[in-house]
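If you want the building blocks of each chain, they are given just below.
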Amino acid sequence: MQTNTSGPLPTFAQPKGYSTKVYNVSAATSTLSYDYTNEELAMLWNQVGKIAVGPVTTTVSPTPEPSAYPRPGAFHAQSPITDTSINSATLPDDFMWGLASSAYQVEGAAKDEGKGPSIWDLIAHRNYGAVSDNSTGDIVASHYWLYKQDFARLAKLGVPYFSPSFSWPRFFPFGDGPVNMQAVAHYDDVIASMVANGIKPAVTLFHWDTPLALFNSYGAWTDPRIVDDFFNYAKFVISRYDAYVPIWFTFNEPQYCNWQYMYYPAGNVKGNYPAYHNITGGLKARIACSHYTILAHAKVAKWYHDEFKGKGRITFKNSGNYYEAKNTSSAADVDAVARNFEFVLGWFGGCWRDGDYSAMLKSTLGSMLPTFTAEEKTLIKGSCDFFAIDAYTGYLASGIKGGSAACASNSSHPSFPECASSSSLAADGFALGPSADNEMSWLYSTPIGIRRFLNKIPKLFPTISDIVVSEFGFAEPFEGKQTSLANILWDLRRSDYYQGFLDNILLARNVDGVNITGAFGWAIYDNFEWFSGSSVKFGLQYLNQTSLERVPKASMFQFLDWFKAKGGARIKGAGNATVPLM
């Protein structure tokens, strides 16, 4: 068949009554707005996919705890004290101690009672392969329904503080807009139940569960609008519960902007949500996330003290570990220590300095690093009441091939921007300490490192008043592969970790004179460990993922017996919380 090409080209008339537009997905810059309808909330959950429902779907009243719990000791003693010089050392009565957790990692009830999806609901369900065991936070420990029993257990064990996080997308399913009253009623009772059991809350406002709607709307932490939306959420929660919460953490580990947020699936081939500002991840996402997190924290802290006149203390929880030079005679290794500390702690250290980024960050990142206005620097400076550190391990730092200066001037260098190296191996190749589960390749038990770290922090930030070790814990090797409960409960390496770390925290405080005012073990029980899923176990209690039963492990008694011997805060009896009505 031949086509006649000699005739006139065809023409097409535009039908009347239609408007026209040229669409360009890559040019999306404006906010996607919501009207906060039930239908829109349903579509958000459709974006996530099917949510699993656990065996418990309503709040459970607590049953009496046993008079005693099975514990180790019949044929094997618990881990002994690591330094006999502190046999008689004690802690003051106001030393805070307890256990910690976070909302997405333990609550479950992912879609219940008006909650909106968070970015982690999306990642666990749609970013296929991101979670190593393909588990989700849909059910986990169902703490959302079983909190009353959990608090009864903590009270029976004598744990005086509990540090949970609250879920932003429960209070505000779209990140902004109307408050979800079912979430308010739930958290009212969470606080009331803690108070009734004599447990003091140390609440984290944000532990990585940003409402998904804000990613859809404007890209979340890559956009300045996130500052006001977070402030709006934080202001509501603090205003309602401050009378009963002595400690507020605005953010858990803002350093997650580096090792988590920069890997979020923005505008990629999986198409999880739009890439606003043409930021699809990587260093640009890390920088923007860090910048707006710093401003969001500072705005909340400023309001808390100057306007609200809050009764408690407020700060954020740093993620950081100890570094020392692999070779103290090597200038490159000494430089690597400084760079590792600066790009982890120093990046967020403006509250302890002049409110600005450091010279090292500015010289390395150059025009990529946003600038703070004079007003913003004033806001940031002094915005932390104390230094909170989630400190898990220690490393040896070393220089990189070619030197840090060459790396810092080349943004395409594979080690940029830290331009420093670190290792968990000693110079002779021996590990610095016993290893954790293989999924946690970064984690080794290094108790001496925590003492040195706590001595180092005041040298890095001389203006700090006191330090709280807001998290420390250990993933018992291969625990997730064990099938015998009896074997799981004897978590000897974790028990040894807690004994060694607590001993060295005490040495840093009582011998070295570091003003340490609290310590929180991670975690209350086995949970969802982000990209490692539910197969990695950090819990001081075993969690049966089918029956949801919790059972204290040997490490729990190691932890409790240490504080029984050394002192610190004590539960002083039940109380009553009257949360004001809206």
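Residues numbered from 1 in each chain as written. Predicted model: local features only at pLDDT ≥ 70, side-chain atom pairs only at ≥ 80, totals over all residues. Heavy atoms only, no water.

Trainee: Report on the state of the cysteines, specifying residues and quantitative values.
Mentor: Taken as a whole and judged by the stated rule, the model has two disulfides. Each sulfur of the disulfide joining Cys407 and Cys419 lies 2.1 Å from the other. On the sign convention where negative means left-handed, the S-S torsion of about -75° between Cys407 and Cys419 marks this disulfide as left-handed. Separated by twelve residues along the polypeptide, Cys407 in helix α14 (residues 404–408) and Cys419 in the loop between α14 and β9 (421–423) bring together distant segments of the chain. Take the cysteines of the chain that form disulfides and number them in order along the sequence; they join up as 1-2, 3-4. (Disulfide = S-S within 2.5 Å. Helix = DSSP H or I, 4+ residues; strand = E, 2+ residues; numbered from the N terminus.)

Trainee: Can you explain the packing of helix α6 (residues 181–196) against helix α8 (residues 225–241)? Please cite residues and give values.
Mentor: Viewed as axis vectors pointing N to C, α6 and α8 meet at an angle of 45°, and their least axial separation amounts to 11 Å. Taken together, the axes of α6 and α8 lie oblique to each other. Here the hand of the crossing between α6 and α8 comes out right-handed. In contact with Val184, Tyr187, Asp188 and Ile191 of α6, α8 contributes Phe236, Arg240 and Tyr241. Of the residues contributing to the contact of α6 with α8, the split by class is five nonpolar, no polar and two charged. (Axes fitted to C-alpha atoms, helices over the stretch in contact; angles between N-to-C directions. Parallel < 35°, antiparallel > 145°, perpendicular 65-115°, else oblique. Left-handed = near helix turned anticlockwise from the far one by under 90°. Contact = heavy atoms within 4.5 Å. Nonpolar A, V, L, I, M, F, W, Y, C, P; charged D, E, K, R; others polar.)

Trainee: How would you sum up the pattern of salt bridges? Please name residues and give values.
Mentor: Note on pairing: side chains with opposite charge can pair once their charged atoms come close. Per the counting criterion, the structure on display carries 22 salt bridges. Arg153 is the partner of Glu65 in a salt bridge, and the nearest nitrogen-oxygen pair spans 2.4 Å. Of this pair, Glu65 sits in the loop between α1 (38–48) and β1 (96–100) while Arg153 sits in helix α4 (residues 143–157), and the two are 88 residues apart along the sequence. One exposure class covers both Glu65 and Arg153, and it is buried. Asp561 is the partner of Arg71 in a salt bridge, and the nearest nitrogen-oxygen pair spans 2.4 Å. Placement of Arg71 in the loop between α1 and β1 and of Asp561 in helix α18 (residues 554–566) is noted, with a sequence separation of 490 residues between them. (Salt bridge = Lys/Arg side-chain N within 4 Å of Asp/Glu carboxyl O. Buried < 20%, exposed > 50% of the residue type's maximum accessible area, 1.4 Å probe, protein only.)

Trainee: Outline α8, listing residues and values.
Mentor: For α8, spanning 17 residues, the distance from its first C-alpha to its last is 25 Å, which sits close to the expected 24 Å at 1.5 Å a residue. Here α8 lies mainly inside the structure; twelve of its 17 residues are buried. Along its buried surface, α8 packs onto α5 (168–171), α6, α7 (212–218), β4 (247–252), α10 (282–307) and β5 (313–319). (Expected span 1.5 Å × (residues − 1).)

Trainee: Tell me about the packing of aromatic side chains, residues and numbers included.
Mentor: Under the criterion given, the structure shown has 67 aromatic pairs. Residues Phe230 and Tyr233 carry aromatic rings whose centres are separated by 6.0 Å and whose planes lie at 65° to one another, so their mutual orientation is edge-to-face. Of this pair, Phe230 and Tyr233 are both found in helix α8, three residues apart, which corresponds to roughly one turn of the helix. Accessibility expressed as a relative area gives 0% for Phe230, which makes it buried. Between Tyr323 and Tyr395, the ring centres sit 5.6 Å apart and the planes meet at 25°, which makes this aromatic pair stacked. Of this pair, Tyr323 sits in strand β6 (residues 322–325) while Tyr395 sits in strand β8 (residues 394–398), placing them 72 residues apart in sequence. Side by side, Tyr323 and Tyr395 carry an identical accessibility label, which is buried. Lying across the ring of Phe231, Lys299 places its NZ or CZ 4.9 Å from the centre. (Phe/Tyr/Trp six-rings, centres within 6.5 Å; stacked < 30°, edge-to-face > 60°. Lys NZ or Arg CZ within 6 Å of the ring centre and 35° of its normal.)

Trainee: Any details on the nonpolar core? Residues and values, ideally.
Mentor: Side chains of nonpolar character tend, in soluble globular proteins, to be buried together. The biggest cluster of nonpolar side chains holds 171 residues, and the ones touching the most others in it are Trp221 and Phe230. With 13 residues, the single largest contributor to this core is α10. Among the nonpolar cores identified, the runner-up in size contains six residues, and Val56, Ala109, Trp145 and Leu146 belong to it. (Core = buried A, V, L, I, M, F, W, Y, C linked by side-chain atoms within 4.5 Å.)

Trainee: Describe in detail the sheet that holds strand β10 (residues 467–472), supporting the description with residues and values.
Mentor: Spatially, the eight strands close up into a barrel ordered β1-β2-β3-β4-β5-β7-β10-β11, and their pairing is parallel. Adjacent strand axes in the sheet meet at a mean angle of 25°, parallel and antiparallel pairs treated alike. Where strand β2 (residues 161–163) meets strand β3 (residues 200–204), two bridges bridge the pair, whose relative direction is parallel. Bridging from a neighbouring strand, Tyr161 pairs with Lys200 of β3. (Pairing = 2+ DSSP bridges.)

Trainee: Can you lay out α10 for me, pointing to particular residues and giving the numbers?
Mentor: Here α10 spans 37 Å end to end across 26 residues, near enough to the 38 Å set by a 1.5 Å rise per residue. Looking one or two residues beyond α10, the residue adopting positive phi is Lys309, at roughly 60°.

Trainee: Give a description of empty space enclosed by the protein that names residues and reports values.
Mentor: All chains considered together, the criterion is met by four cavities of 30 Å³ or more. When its volume is computed, the largest cavity comes out at roughly 80 Å³. In terms of lining, the largest cavity is formed by 14 residues, of which the most central are Thr222, Tyr261, Ala266, Tyr273 and Ile279. Looking at side-chain class alone, the lining of the largest cavity contains ten nonpolar, four polar and no charged residues. (1 Å grid on protein atoms, 1.4 Å probe; cavity = no way out; pocket = protein on both sides within 12 Å on 5 of 7 lines; lining within 4 Å. Points joined across faces, edges and corners; volume = space filled by probe spheres on them.)

Worth remembering: the numbers are spatial, not functional.
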